[in-house]
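Summary of structural features
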Amino acid sequence: MEQRPVGPGGRRWLALGEDALPAGEQWLAPGEAANLAGLRYTKRRTEYLLRRLVTKHAVAAAIGRPTDPVALAGIEVRNAPSGAPYVCVDGAPIELGVSITDRAGWAVCLTSPAGSRHPVGCDLELVEPRTPGFVQDFLTAAEQRLVSSCQAGDERDAAANLIWSAKESALKVLQTGLRRDTLTVEVTLAAPSSDGWGALTVRAEEGPVFPGWWRREGRFLLTIATEVAGPPPVALVPGVLSPAVPRHSWLDRPLHLR
């Protein structure tokens, strides 16, 4: 996998699909392999593997580490009690914030600037229909008005999923996930510029505002949220998601049988 060189100090993101998964498990850390062994359902196993693969490659790019199986096995993705991921290299936690998301056979990892563990959040969603009930239950009144102002069909579907995705990204920064009521955070969006990125903000009802960015990549929407404002993240491998086809391969074999 050829990665694009980027300068130090910025946020970066990487997308990988199921086809990138290696045949063996030698690239997993021992703790990861043990966790995998306890997953019975193909969907959970595939998501687990894909999330770790994309994170290990993104982290390797951030710290200048090789990506052979032995080197990748030395990068371990763990979870804090809150559920938020963090990374250990050769057994020790490193100063690098990460956020991981997956949807329909594809996964994205966002990394903070090297040397920083400021929380970052990212979320990947499909542009797909959302019911009126979903919009009413999970979006604020202002967000509902935004969705209603869009033309029915793809434009409205994109708006509803984009707002939902931005909320998920911000809740990852807050390290609460969907344990927190999505109506307690409100999304504001700006149109994308020539580079494809549009600015967003997510305001929590208690006051904090999380800046971020969004972009549409073919069938997918990608959002990020951060504690500290900065430029849009740089793609380590550009152009991967735009032609990507959503996949639900686990339906062919729901249970993993050894």
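Observations concerning the packing of aromatic side chains
For any pair of aromatic rings, geometry is given as the distance between the ring centres together with the angle between the planes. A complete count under the given rule lists four aromatic pairs for this structure. Considering the side-chain rings of F134 and W164, the 5.2 Å spacing of their centres and the 65 degrees angle between planes classify their relative orientation as edge-to-face. In this pair, F134 is assigned in helix α4 (residues 132-138) and W164 in helix α6 (residues 154-173), connecting sequence segments 30 residues apart. Residue F134 is classed as buried on the basis of its relative accessible area of 11%. Above the face of the Y48 ring, R52 is positioned so that its terminal group lies 3.8 Å from the ring centre.

A few points about the sheet that holds strand β10 (residues 209-217)
Taken together, five strands build an open sheet; the order of strands is β7-β11-β10-β9-β8 and the sheet is antiparallel. In this open sheet, the two edge strands, each paired with only one partner strand, are β7 (120-126) and β8 (185-189). Adjacent strand axes in the sheet meet at a mean angle of 25 degrees, parallel and antiparallel pairs treated alike. Pairing geometry for β7 and strand β11 (residues 220-226), over seven bridges, is antiparallel. Directly across from L124, in β11, lies its bridge partner L222.

Focus: the sheet that holds strand β3 (residues 85-89)
Pairing is antiparallel across the open sheet formed by three strands, whose spatial order is β2-β3-β4. Each of the sheet's edge strands pairs with one partner strand only, and the pair in question is β2 (75-79) and β4 (92-93). Relative to β4, β3 is paired through two bridges, and the arrangement is antiparallel. Bridge pairing links C88 to P93 in β4. Its contacts with the sheet put helix α2 (residues 42-63) on β2 and β3, and the angle it makes with β2 is roughly 120 degrees.

Quick notes on the side chain of E125
Tracing the backbone shows E125 in strand β7. On the basis of relative accessibility, which here comes to 5%, the residue E125 falls in the buried class. In this structure, E125 is in contact with R103, R130, N161, W164, S165, E168, R219, F220 and L221, ignoring residues within four places of it in sequence.

Thoughts on the environment of Q175
Along the chain, Q175 turns up in the loop between α6 and β8. What makes Q175 partly exposed here is its relative accessible area of 36%. Filtering out sequence-adjacent residues up to four positions away, Q175 remains in contact with S82, A84 and P119.

Some details on the state of the cysteines
This structure, assessed with the given rule, holds zero disulfides. There is no disulfide at C88, and the cysteine sulfur nearest it, in C109, is 14 Å away. The thiol of C122 is not disulfide-bonded; the next cysteine sulfur, from C109, is found 6.7 Å away. On the basis of relative accessibility, which here comes to 0%, the residue C122 falls in the buried class.

Remarks on the pairing of strand β6 (residues 106-111)
With six of its six residues buried, β6 lies for the most part within the structure. Burial along β6 is two-sided: the face carrying W106, V108 and L110 and the face carrying A107, C109 and T111 are both buried. Where strand β1 (residues 12-17) lies against β6, six bridges are found, and the strand directions are antiparallel. Bridged to L14 within β6 is C109. Across six bridges, the pairing between strand β5 (residues 98-103) and β6 is antiparallel. Looking across to β6, one finds that V98 is bridged to T111. Hairpin connection between β5 and β6: a loop of two residues separates the two successive antiparallel strands, and A104 in this loop has a positive phi of roughly 50 degrees.

Cut-offs applied
Residues numbered from 1 in each chain as written. Predicted model: local features only at pLDDT ≥ 70, side-chain atom pairs only at ≥ 80, totals over all residues. Heavy atoms only, no water. Phe/Tyr/Trp six-rings, centres within 6.5 Å; stacked < 30°, edge-to-face > 60°. Helix = DSSP H or I, 4+ residues; strand = E, 2+ residues; numbered from the N terminus. Buried < 20%, exposed > 50% of the residue type's maximum accessible area, 1.4 Å probe, protein only. Lys NZ or Arg CZ within 6 Å of the ring centre and 35° of its normal. Pairing = 2+ DSSP bridges. Axes fitted to C-alpha atoms, helices over the stretch in contact; angles between N-to-C directions. Contact = heavy atoms within 4.5 Å. Disulfide = S-S within 2.5 Å.

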